[in-house]
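Chains, contacts and geometry: an overview
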Amino acid sequence: MYALAIAEKLFRGEPFPLMVPGPPEEGLLPGSMVLVVPRGGKAAPSTAYIIETGIEPPLKEPPAELADILHGGEPVLTPPLIILTRWMAGYYLTRHIDCVTAAVPVAVRTRVDDIVEAAGFSLETDTRRVRSTALRRSIMQLLAKETRITVKQLQRRLGKKHIYGTLSELERSGHLKLRRKFTSTAQRTVPAWRRAPVLPGEAEEELKNTPKQLETFRRVSAFGPGGASLEATAASRRILNTLTASGYLEKIAVAVEGRFDTGMPTEQEEPKQPTAQQEAVLGELRSASRKGGYKTFLLHGVTGSGKTLVYIEFLKEVLKEGRTAIVLVPEIALTPQTAGRFRQHFGDTVAIMHSAMSNQEKYDAWHRLRSGRATIALGARSTIFAPLSNLGAVIVDEEHDGAYKQDRNPRYSARDLAVMRARTEGAVCILGSATPSFESYENALQEKYRLLELRDRIDGATMPKLCLIVMKDSPKATPSISEKLRHEISRRMERDEQVILLQNRRGFSGSVLCFACGHVPLCPHCGIPLVYHAGHRQLRCHYCGHTEPFSKVCPACASPDLFYKGSGTERIEEELQSLFPEERILRMDVDTTTTKGSHGRILDEFRRGKARILLGTQMVAKGLDFPRVTLVGVLMADIGLNLPDFRASERTYSLLTQVAGRAGRSSSPGEVYLQVYNPESEVFNALLRGSYSAFFKHETDSRRELCYPPHARLVKFECSSPDEETAEEAAMTCRTMLLEAVAEGQGVVLGPAPAGIARIRGSYRYHVLLKLTGGRLTEAFALGLQDEIARRFRTPSAILSIDVDPGSLM
Ligand SMILES: Nc1ncnc2c1ncn2[C@@H]1O[C@H](COP(=O)(O)OP(=O)(O)OP(=O)(O)O)[C@@H](O)[C@H]1O
Ligand SMILES: [Zn+2]
């Protein structure tokens, strides 16, 4: 029969027909991974995915042949995942193969390397027989030195891509051999022993003179058909081998699986009874689940209202029905507490997908889900592709979080895929947040999602009290800490309570300014201000990583009068330490969390009261639940508002609400102090009133006029090139083609304009923005646009990337 396949490196990722063995019932299933060889011997063999079977025989001979079936013929994509990735390609205007590649973890994908080996001849005698082209000569010369080399290395050394034709000619004339090497992660196994199914004789009788053997035989038999490992048998390997050789035991291999540690201790918590509010929400969720079929809920619950318990209680129900579930969290390293709570309730039925896991650990987790031994997948955005069957629920915690959007191709939003996946598989989807994204809230108001609310905190804990400190009118204790905030911190220290301080780094630059000449050191590659890092006494570019030593005098005018604009976490730590010399301060930012498990360690120290002040960036705002925290301070609460991005207010509002929500989560009430420089923003008004819906209304009214989401859909086209003019011209081409494609009254095209960060890694970036109010773009249009740009701008080249529903316009 014939099947349709796609491959990353063949035919531009477009589907191609393939002849495969057998009738559909017993042959290859959709979602299988195969090895194909393109006809003509010009291109390398490649892994491909079967996306459809039983298609009509093609009119022409298929362009590639099936060479092998990988992964034992067991599909790596379930049928719903094929549908989901197909939808994803259409929606995000990208290739299906890119979405499939995103959905199958690297640890599961098989890599094929071709290896060239010399065919046992001596260079002197045989070179004359090779028809002398320069390419053949250099291949043979390299091979004489190396005898064995991968085709990739050969291509790199020769600086040539198209060598397969020549290689296969050389293979045919017997000069070399081409072999294939497969690399993929496989399940780890250990040897084990069990009683042989057919014994050579009466064991008790025949082994009675070798009591040690008899005892071992008995002990191993007691383990049953699953077998026992060397440690479990507590016997010597020599005796086990003797018994195996004489046929009483059988040696088998059993799979071992790693279990990833979240880094947070999972001590047993008291079992909790859901409150009346939680029960009401659970009632609706359970009845939707029992009824079966797709439904999405937006769970809007204030900070500390016990959303996690709702998820857990609901999942118990889902598992009881024999179904499986996916739980998404924004960044697993930042939410060890949440992961820990799920582990505690569901133990090993939860497979945690963590980016810090080794390939082996990832492979094991994927396998446990695929085989049904684990029924809950918990992890960051790519966990939405977990290979579960019989899916009953998809939960997206902190659904507003920007981390759900992937910022490289395919630029998908895991939150939106969650809704789609639930829909394809007839599951319940829960989007939870204290500050829902405007898109989701609008969908709830439109009744596309069902809105569920938790209005109160658990156990009558009150919402924290909020106060603004207007910096220009306030006495200061240090350059960045007001006298008022210092006073409040010291009161908490006296009462032995804890404090969380947030330095909002979004849009913040700890850049350097010379007071004498106004010079600001810029990154030579990106053109943005470099940031001062006290730890290494270095200036660093936060986009490309460029570093240079920091000099105490201005590089332009040699004046020593330098100002480190604003203040980063390191500098605030210094200021805090000078105010509270006795206190131990925990700092959590990119610099202190580079090693595996470091988040968990810092949070655990804070939880155990080893320090009373936790200072950090955005990271300290996410989902932390520490009952002794009674004060939250934000150092530059308004800084994120200055960004040229339509989501700036929404982001700032949700960040401040989230961090404020860390205070007063138990019986001791909490207070929040926001230090601001410009207090006249609607964000602060709404925060002080504690009204999400008022803020939503105010913001969306102004977005309606400007045609921004949730009232329109945005598609961002970015053209980049090492040459500025090329980038701009390519963007102009984009604009022209868009104007032709978008029907009158269906959308607005803006730009080209230089991107917010106009240059990254030496590449200039220009944007064209499409605001769609109706209709949509097609994949065919996107492909045509890509082709046109590639054709017109070759040297210097321009690259186009398309971002549907962009997370930011920068
Ligand atoms: N029914 C209950 N009885 C007693 N304690 C509860 C109950 N439900 C939740 N809690 C506790 O209340 C605290 C807050 O719950 P949780 O962390 O789930 O809130 P949340 O809604 O996720 O908040 P945030 O949005 O701020 O992360 C936790 O310490 C949790 O253990
Ligand atoms: Zn840079």
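Residues numbered from 1 in each chain as written. Chains lettered and ligands numbered in written order. Predicted model: local features only at pLDDT ≥ 70, side-chain atom pairs only at ≥ 80, totals over all residues. Heavy atoms only, no water.

As annotated in an unreviewed UniProt entry, the chain carries the name Replication restart protein PriA and is attributed to Chlorobium luteolum. Recorded in UniProt for the chain, the comment headed Subunit (unreviewed entry) runs: "Component of the replication restart primosome." Under the Function (unreviewed entry) heading, UniProt states for the chain: "Initiates the restart of stalled replication forks, which reloads the replicative helicase on sites other than the origin of replication. Recognizes and binds to abandoned replication forks and remodels them to uncover a helicase loading site. Promotes assembly of the primosome at these replication forks." (UniProt positions renumbered as here; feature names shortened; annotations may be inferred.)

In this section: the nonpolar core. By size, the foremost hydrophobic cluster in this structure holds 119 residues, and its most contacted members are I384, F385, L614, L674, F717, L770 and I789. Beyond its immediate chain neighbours, meaning those up to four positions away, L674 contacts L466, C467, L468, I469, V634, A637, L656, F684 and L687. (Core = buried A, V, L, I, M, F, W, Y, C linked by side-chain atoms within 4.5 Å. Buried < 20%, exposed > 50% of the residue type's maximum accessible area, 1.4 Å probe, protein only. Contact = heavy atoms within 4.5 Å.)

A word on the packing of helix α4 (residues 134-146) against helix α6 (residues 164-172). Where α4 contacts α6, the two axes come as close as 11 Å, and the packing angle between them is 70 degrees. With respect to their mutual orientation, α4 and α6 come out roughly perpendicular. When you trace α4 past α6, the crossing you get is right-handed. Facing L135, R136, I139 and M140 of α4, the residues of α6 in contact are T166, L167, E169 and L170. Tallied by class, the residues present in the contact of α4 with α6 amount to five nonpolar, one polar and two charged. (Axes fitted to C-alpha atoms, helices over the stretch in contact; angles between N-to-C directions. Helix = DSSP H or I, 4+ residues; strand = E, 2+ residues; numbered from the N terminus. Parallel < 35°, antiparallel > 145°, perpendicular 65-115°, else oblique. Left-handed = near helix turned anticlockwise from the far one by under 90°. Nonpolar A, V, L, I, M, F, W, Y, C, P; charged D, E, K, R; others polar.)

Okay, the UniProt feature "binding site: Zn(2+) 1" (unreviewed entry) in the chain next. Per the UniProt entry, the sites bearing "binding site: Zn(2+) 1" (unreviewed entry) are C514, C517, C554 and C557 in this numbering. Positionally, C554 belongs in the loop between β24 (547-549) and β25 (562-564).

Using the criterion set out here, one finds two cavities of 30 Å³ or more in the structure. The space that makes up the second largest cavity amounts to roughly 40 Å³. What lines the second largest cavity is simply G90, Y91, L93, R713, V715, L772, R776, L777 and V804. The set of elements that each furnish at least two residues to the lining of the second largest cavity consists of α1 (79-91) and β30 (713-721). Class assignment for the residues of the lining of the second largest cavity results in six nonpolar, one polar and two charged. (1 Å grid on protein atoms, 1.4 Å probe; cavity = no way out; pocket = protein on both sides within 12 Å on 5 of 7 lines; lining within 4 Å. Points joined across faces, edges and corners; volume = space filled by probe spheres on them.)

Moving on, we come to the state of the cysteines. In this structure the tally under the stated criterion is zero disulfides. With no disulfide of its own, C707 lies closest to C734 among cysteine sulfurs, the gap being 19 Å. Given the relative accessible area of 17%, C707 is considered buried. (Disulfide = S-S within 2.5 Å.)

Once that is clear, we can look at the packing of α1 against helix α2 (residues 96-103). As a packed pair, α1 and α2 sit with axes 8 Å apart at the nearest point and diverge in direction by 130 degrees. It follows from the interaxial angle that α1 and α2 lie oblique. The two elements α1 and α2 cross, and the hand of that crossing is right-handed. Residue-level contacts link I82, T85, R86, M88 and A89 of α1 to H96, C99, V100 and A103 of α2. Taken together, the residues of the contact of α1 with α2 break down into six nonpolar, two polar and one charged.

It is worth spelling out helix α15 (residues 414-425) at this point. Given a rise of 1.5 Å per residue, 12 residues ought to cover 16 Å, and the 16 Å separating the end C-alpha atoms of α15 matches this to within 8%. For α15, the tally of buried residues reaches nine of 12 residues, placing the bulk of the element in the interior. Taken together, the buried positions of α15 are occupied by A414, R415, L417, A418, V419, M420, R421, A422 and E425. The inward-facing, buried residues of α15 abut α1, β12 (295-301), β13 (324-328), β16 (391-396), β17 (428-433) and α16 (438-445). (Expected span 1.5 Å × (residues − 1).)

Attention shifts here to the sheet that holds strand β22 (residues 531-533). A sheet is described by the order of its strands in space; here three strands give the open sequence β22-β23-β24, paired in antiparallel fashion. Both outer strands of the open sheet, β22 and β24, are each paired with one neighbouring strand and no more. Within this sheet the neighbouring strands show an average axis-to-axis angle of 30 degrees, counted without direction. As defined by bridge partners, strand β23 (residues 538-540) adjoins β24 across three bridges and the pair is classed as antiparallel. Note that in β24 the partner of R540 across the bridge is T547. (Pairing = 2+ DSSP bridges.)

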